[in-house]
Amino acid sequence: MLSGRKIDLALEAKELAEGSPQKTTRLSGVKAQEDTLFGYPLTRVDILDQAGEAALGKPKGAYLTLDLPQLPQDREETLRAARAVAAALEALPVLPKTGTVLVAGLGNRQVTPDAIGPRSTEFLLVTRHLVAELPEDFGTLRPVAALAAGVTGSTGMESGEILGAVVEKLHPACLIAVDALAARRQERVCRTIQVSDTGIVPGSGVGNARMALDQAHLGIPVIAIGVPTVVEAATLCLDLLEEAGETAFDPALFRQPGAEWFVTPRNIDREVETLARILGLGISTALHVDFSVEDVEKWIS
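Residues numbered from 1 in each chain as written. Predicted model: local features only at pLDDT ≥ 70, side-chain atom pairs only at ≥ 80, totals over all residues. Heavy atoms only, no water.

Peer 1: Would you explain the overall build of the protein chain in this entry?
Peer 2: Looking only at helices and strands, one finds twelve helices and nine strands in the protein chain. The proportion of buried residues among the 301 residues of the protein chain is 50%. A sequence separation of at least 24 residues applies to 72% of the contacts in the protein chain between residues at least 6 apart. Within the structure as shown, the protein chain displays about 14,300 Å² of accessible surface, and the carbon and sulfur contribution to it stands at 51%. (Helix = DSSP H or I, 4+ residues; strand = E, 2+ residues; numbered from the N terminus. Buried < 20%, exposed > 50% of the residue type's maximum accessible area, 1.4 Å probe, protein only. Contact = heavy atoms within 4.5 Å. Areas by Shrake-Rupley, 256 points an atom, 1.4 Å probe, with all protein chains shown as cover.)

This is how it looks when you write it as structure tokens:
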């Protein structure tokens, strides 16, 4: 097992902490259950206390992991996946039933594996301006605002600074932050969606952690939605060696300067486009409770 290995997905942190299926360790302060949403496998991991935080290296809260065994290839499958995302969001008690919601797409639009956050905002049903300017026509809609904050290298500001200012101005009831993650299993890249109520630290998956986006920093509930779009090459190599029974090597070799490469699928542009659509439609369906996913699709088109 690689010391100091960064794990974005709570499900993978649980798997790593428990050990192999033949020798499973019961984790104190961690509860897990499996279910399905619209036919997609769902695993919920609840970190209950400090013991659970220590076991998984993640803050206390709920982590729902939705598996997409195959990426949708047509409209109907895309809408079904979006319904599952909406249902996962609705399962979190911190999602307010009313009030303005701010959706933040985190990441670099110019770097495809990191663009899923900004791209997802393109498929949102954004309504705050309509409610404010034409209340007689749109007053029954929920106010939803969206922001693709960009990255520090292009804005000179951290996402946390930008979102903190916007939250102070808009006073939303909740923030939903969408970001790319790193997986430790290649089969989960672009096939897993994690929804949690604990906030997010942008850039942490690739070792470039920025200001945390959570209730402690922003003063409002923060829901994080993440999709792994890369896997660390060192982690992948180490796992393959361990699976092959090779143990006579120094794990420190995988942490030398220059060893932290990340691997992404060759068709990542198409996969990010599909996943961004699923997330945008799913978030909008969860926020606009009187709308079906088909309704949302018509509005944004």
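Peer 1: Sorry if this is basic, but what is going on with the nonpolar core here?
Peer 2: General note: in soluble globular proteins, nonpolar side chains tend to be found buried as a group. Residues Leu66, Leu89, Val103, Ile176, Ile193, Ile225 and Ile283 are the most contacted members of the largest nonpolar core, which totals 44 residues. At the level of elements, β2 (40–47), β3 (61–67), α3 (75–90), β4 (101–105), β6 (174–183), β7 (192–196), β8 (222–232) and α11 (268–287) are the ones that each hand at least two residues to this core. The element best represented in this core is α11, accounting for eight residues. Here isoleucine 176 is in contact with Leu95, Val101, Leu102, Val103, Ala104, Ile223, Ile225, Ile283 and Leu287, once residues within four sequence places are set aside. Leu106, Ala145, Leu163 and Leu213 belong to the second largest nonpolar core, which has 15 residues in total. (Core = buried A, V, L, I, M, F, W, Y, C linked by side-chain atoms within 4.5 Å.)

Peer 1: How should the packing of aromatic side chains be read in this particular structure?
Peer 2: Two numbers describe a pair of aromatic rings. These are the distance of the centres and the angle of the planes. Per the counting criterion, the structure on display carries two aromatic pairs. Taking the centre distance of 6.2 Å and the plane angle of 80 degrees together, the rings of phenylalanine 138 and tryptophan 299 count as edge-to-face. Of this pair, phenylalanine 138 sits in helix α6 (residues 135–138) while tryptophan 299 sits in helix α12 (residues 293–300), and the two are 161 residues apart along the sequence. Look at tryptophan 299 and you get partly exposed, because its relative accessible area is 41%. A ring pair is formed by phenylalanine 291 and tryptophan 299, whose centres lie 5.5 Å apart and whose planes are at 50 degrees; its orientation type is tilted. The buried category is assigned to phenylalanine 291, whose relative accessible area is 16%. Ring-pair connections join several aromatic residues into one group, and the members of that group are Phe138, Phe291 and Trp299. (Phe/Tyr/Trp six-rings, centres within 6.5 Å; stacked < 30°, edge-to-face > 60°.)

Peer 1: Explain the pattern of salt bridges here, please?
Peer 2: Pairing between side chains becomes possible if they bear opposite charge and their charged atoms approach one another. Within the structure shown, the criterion is met by twelve salt bridges. Residue arginine 80 is joined to glutamate 77 by a salt bridge in which the shortest nitrogen-to-oxygen separation is 2.8 Å. Residue arginine 80 and its partner glutamate 77 are located together in helix α3, separated by three residues, close to a single helical turn. (Salt bridge = Lys/Arg side-chain N within 4 Å of Asp/Glu carboxyl O.)

Peer 1: Is there a simple way to think about the side chain of arginine 188 in this case?
Peer 2: Mapped onto the secondary structure, arginine 188 falls in the loop between β6 and β7. Look at arginine 188 and you get buried, because its relative accessible area is 13%. Within the structure, arginine 188 has its side chain in polar contact with the side chain of glutamate 15 (distance 2.7 Å). If sequence neighbours within four positions are ignored, arginine 188 has contacts with Leu9, Leu11, Glu12, Glu15, Ala183 and Pro228. (Polar contact = N/O pair within 3.5 Å; in protein donor to acceptor, adjacent residues only side chain to side chain.)

Peer 1: Honestly, the packing of α11 against α12 in this entry has me stumped. Any pointers?
Peer 2: When two helices pack together, their arrangement is given by the angle between the helix axes and by the axis-to-axis distance. Closest axis-to-axis distance for the α11/α12 pair is 9 Å, and the angle between their directions is 115 degrees. As far as their axial angle goes, α12 and α11 are roughly perpendicular. α12 is crossed by α11, and the crossing has right-handed handedness. Along the contact surface, α11 presents Leu281, Ser284 and Thr285, while α12 presents Val293, Val296, Glu297 and Ile300. (Axes fitted to C-alpha atoms, helices over the stretch in contact; angles between N-to-C directions. Parallel < 35°, antiparallel > 145°, perpendicular 65-115°, else oblique. Left-handed = near helix turned anticlockwise from the far one by under 90°.)

Peer 1: How do you make sense of the environment of alanine 86 when you look at a structure like this?
Peer 2: In this structure, alanine 86 sits in helix α3. With 195 residues separating them in the primary sequence, alanine 86 and leucine 281 have C-alpha atoms 8.2 Å apart. When near neighbours in sequence (up to four residues on either side) are disregarded, alanine 86 contacts Gly282, Thr285 and Ala286.

Peer 1: Is there a simple way to explain the pairing of β2 in this structure?
Peer 2: Remark: a regular strand shows side chains that alternate across the two faces of the sheet. Of all eight residues in β2, six are buried; the element is thus mostly enclosed. Sheet topology places strand β1 (residues 30–37) next to β2; eight bridges connect them, and they run antiparallel. The residue bridging threonine 36 from the neighbouring strand is proline 41, located in β2. With antiparallel pairing between neighbouring strands as the criterion, β1 and β2 make up a hairpin whose turn holds two residues, including phenylalanine 38 at a positive phi of roughly 50 degrees. (Pairing = 2+ DSSP bridges.)

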